[in-house]
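# Structural features, examined
Now for the letters of each chain:
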Amino acid sequence: MEIERKQADLIDHYVKQASSLQGSSLPILILEATSNPSLFAFSEILAVPTIAQLEGTGQSVYLNMLRLFAYGTWSDYKKNSASLLQLVPEQVLKLKQLTVLSMAETGKVLPYDQLMQELDVTNVRELEDFLINECMYAGIVRGKLDQLRRCFEVQFAAGRDMRPGQLGNMTHILSSWLATSDNLLLSIQEKIKWADTMSELDKKQKKDYEDKVEEAKKLLSLKVSYTHFALLLNA
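Just so it is clear, the model here is predicted, and its values are computed rather than measured.

Conventions adopted
Residues numbered from 1 in each chain as written. Predicted model: local features only at pLDDT ≥ 70, side-chain atom pairs only at ≥ 80, totals over all residues. Heavy atoms only, no water. Helix = DSSP H or I, 4+ residues; strand = E, 2+ residues; numbered from the N terminus. Buried < 20%, exposed > 50% of the residue type's maximum accessible area, 1.4 Å probe, protein only. Contact = heavy atoms within 4.5 Å. Areas by Shrake-Rupley, 256 points an atom, 1.4 Å probe, with all protein chains shown as cover. Phe/Tyr/Trp six-rings, centres within 6.5 Å; stacked < 30°, edge-to-face > 60°. Lys NZ or Arg CZ within 6 Å of the ring centre and 35° of its normal. Pairing = 2+ DSSP bridges. Axes fitted to C-alpha atoms, helices over the stretch in contact; angles between N-to-C directions.

## Remarks on the overall build of the protein chain
- A count of helices and strands for the protein chain gives 10 helices and 3 strands.
- What you see in the protein chain, going N to C, is helices and strands ordered as α-α-α-α-α-α-α-β-α-α-β-β-α.
- Within the span of the protein chain, comprising 235 residues, buried residues form 31% of the whole.
- Within the protein chain, counting contacts between residues at least 6 apart in sequence, those at least 24 apart form 57% of the total.
- With the model as given, the accessible surface of the protein chain reaches about 15200 Å², and the carbon-plus-sulfur share is 58%.

## Some words on the packing of aromatic side chains
- Applying the stated criterion across every chain yields a total of 2 aromatic pairs.
- On the basis of an interplanar angle of 70 degrees and a centroid distance of 6.0 Å, the ring pair of Phe 42 and Phe 69 is categorised as edge-to-face. Residue Phe 42 is found in the loop between helix H2 (25–35) and helix H3 (43–46), and its partner Phe 69 is found in helix H5 (residues 60–71); the two are separated by 27 residues along the sequence.
- Taking the relative accessible area as the measure of exposure, Phe 69 reaches 0% and is therefore buried.
- The lysine or arginine in question, Lys 94, covers the ring of Phe 40, its NZ or CZ lying 5.3 Å from the ring centre.

## Brief notes about the sheet that holds strand S1 (residues 109–111)
- Read from one edge of the open sheet, 3 strands run S1-S3-S2, paired in antiparallel fashion. What marks the edges here is a single partner per strand, and that holds for S1 and strand S2 (141–146). Strand-to-strand, the axes of this sheet are offset by a mean angle of 30 degrees, without reference to chain direction.
- Running at roughly 90 degrees to strand S3 (residues 151–157), helix H7 (residues 89–106) makes contact with S1, S2 and S3 of the sheet.

## Side note on the pairing of S2
- Pairing geometry for S2 and S3, over 6 bridges, is antiparallel. Among the inter-strand pairings, Leu 145 is bridged to a residue of S3, identified as Phe 152.
- Connecting S2 to the antiparallel partner S3 that follows it, the hairpin turn spans 4 residues, and Arg 150 within it adopts a positive phi of roughly 55 degrees.

And the structure:
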């Protein structure tokens, strides 16, 4: 998909930039990356050694900002805003878009009331405009706005960065899914085998029936011939 290709190109660009920069140049790159309207994944940038070296320095606040955009939501920012840098409008928009993606990870039907609370949106019109113009047109989600049920039905959502420790849980989920798939496949195979058996039985029953019909026809033909012969004798 176009959005995935663009993401990969941007990530590669910022990783290369971060690898070649030092000191005061890194905060500028972090601000640029978190404001980029087309970038929604940051864990690979976080993994760059020069970025990780900001930990414990006077510039660690920029590292925390990058972590927020990799794993956090708008609610997380509001709770910790005192210890974080003030966001520019482009970053606010980005973090709210990422919040929708996080919500889509845990549910495919997102109630309007929950969305409005998480995004600090005051009315349905504003919420629907945001979902259409800033999320669906951006290509990060696809879905259906249901005004009657007051919910957003998610059909597709771009994935976010996996949080530290989340890989183990993801592996467990995938293992459970594979086990369920194997059981389902076995059940389908057994049903196919049963259907084949029933089909063979049906074929045998049909042949037996056709044989009996043929036998009855022959007996009837013999009876007709015998009757005709008897009539000729009595004539």
